[in-house]
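Fold and geometry: a report
One letter stands for each residue in the lines below.
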Amino acid sequence: MADFKDPENGIIITLKGGDVKIDLLPDVAPQHCARMKELARSGQYDGVVFHRVIDGFMAQTGDVQNGNANGDFNIRMAGTGGSSLPNVPAEFSKIPHARGSIGAARSQNPDSANSQFFINFKDNDFLNGQYTVYGQVIEGMDHVDAIVRGEPPAEPDQMISVKVAADV
């Protein structure tokens, strides 16, 4: 069982297959890490689907506005929203988009990240320096690999719960 470097900056995402443990990188992307923890602590990520899952690339989720399968849900709207909080400015770094890294999803505007994020299935070096990396899966990547594929998936998997490790 992997240990978090710092439980205050650790995230546990429960998927149908089990838990995915993530070490956040607050020294690299403090605003993105703070946003993920804020949304996790408020329960806004619970029930949110993986709305864009591309085999050999990444799994995207985090649309708390339109992606919650437990609310008034339409898969075609998932991925079009964010949260009620302001956007987060880019925090680019030299950290690579390696397998298991967490990247901030955004529009063409580098400063448009909000609540959505993606987990890389493999090393995606072409994203380096263009999308903020703010975490790394340290355990449970096999559960990420099992997420149903599709753009959008016909029956998308969801994050059952998302917690800050220090709170568990």
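Right, let's walk through the structure included here. (Residues numbered from 1 in each chain as written. Predicted model: local features only at pLDDT ≥ 70, side-chain atom pairs only at ≥ 80, totals over all residues. Heavy atoms only, no water.)

1. Considering the pairing of strand β7 (residues 133-139)
By the bridge criterion, 4 bridges tie strand β2 (residues 18-24) to β7 in an arrangement that is antiparallel. Bridging from a neighbouring strand, Leu24 pairs with Gly135 of β7. As defined by bridge partners, strand β5 (residues 101-104) adjoins β7 across 3 bridges and the pair is classed as antiparallel. Paired with Ile102 across the bridge in β7 is Gly135. (Pairing = 2+ DSSP bridges. Helix = DSSP H or I, 4+ residues; strand = E, 2+ residues; numbered from the N terminus.)

2. A word on the side chain of Asn120
Positionally, Asn120 belongs in strand β6 (residues 117-120). Here His97 takes part through its side chain, which lies 3.4 Å from a polar atom of the side chain of Asn120. Once residues lying within four places of it in the same chain are set aside, the contact partners of Asn120 are Phe57, Met58, His97, Ala98, Arg99, Gly100, Ser101, Leu127 and Met141. (Polar contact = N/O pair within 3.5 Å; in protein donor to acceptor, adjacent residues only side chain to side chain. Contact = heavy atoms within 4.5 Å.)

3. Notes on the nonpolar core
Residues Ile11, Ile13, Ile22, Tyr45, Phe117, Tyr134 and Met159 are the most contacted members of the largest nonpolar core, which totals 31 residues. Secondary structure elements with two or more residues in this core: β1 (10-15), β2, α1 (30-41), β5, β6, β7, α2 (141-145) and β8 (161-164). Counting residues per element, this core draws most heavily on α1, at 4 residues. Every residue in contact with Tyr134, bar those within four places of it in the chain, is listed here: Asp23, Leu24, Leu25, Ala29, His32, Cys33, Met36, Ile102, Gly103, Ala104 and Phe117. Grouped together as the second largest cluster of nonpolar side chains are 6 residues, Ile54, Met58, Phe118 and Leu127 included. (Core = buried A, V, L, I, M, F, W, Y, C linked by side-chain atoms within 4.5 Å. Buried < 20%, exposed > 50% of the residue type's maximum accessible area, 1.4 Å probe, protein only.)

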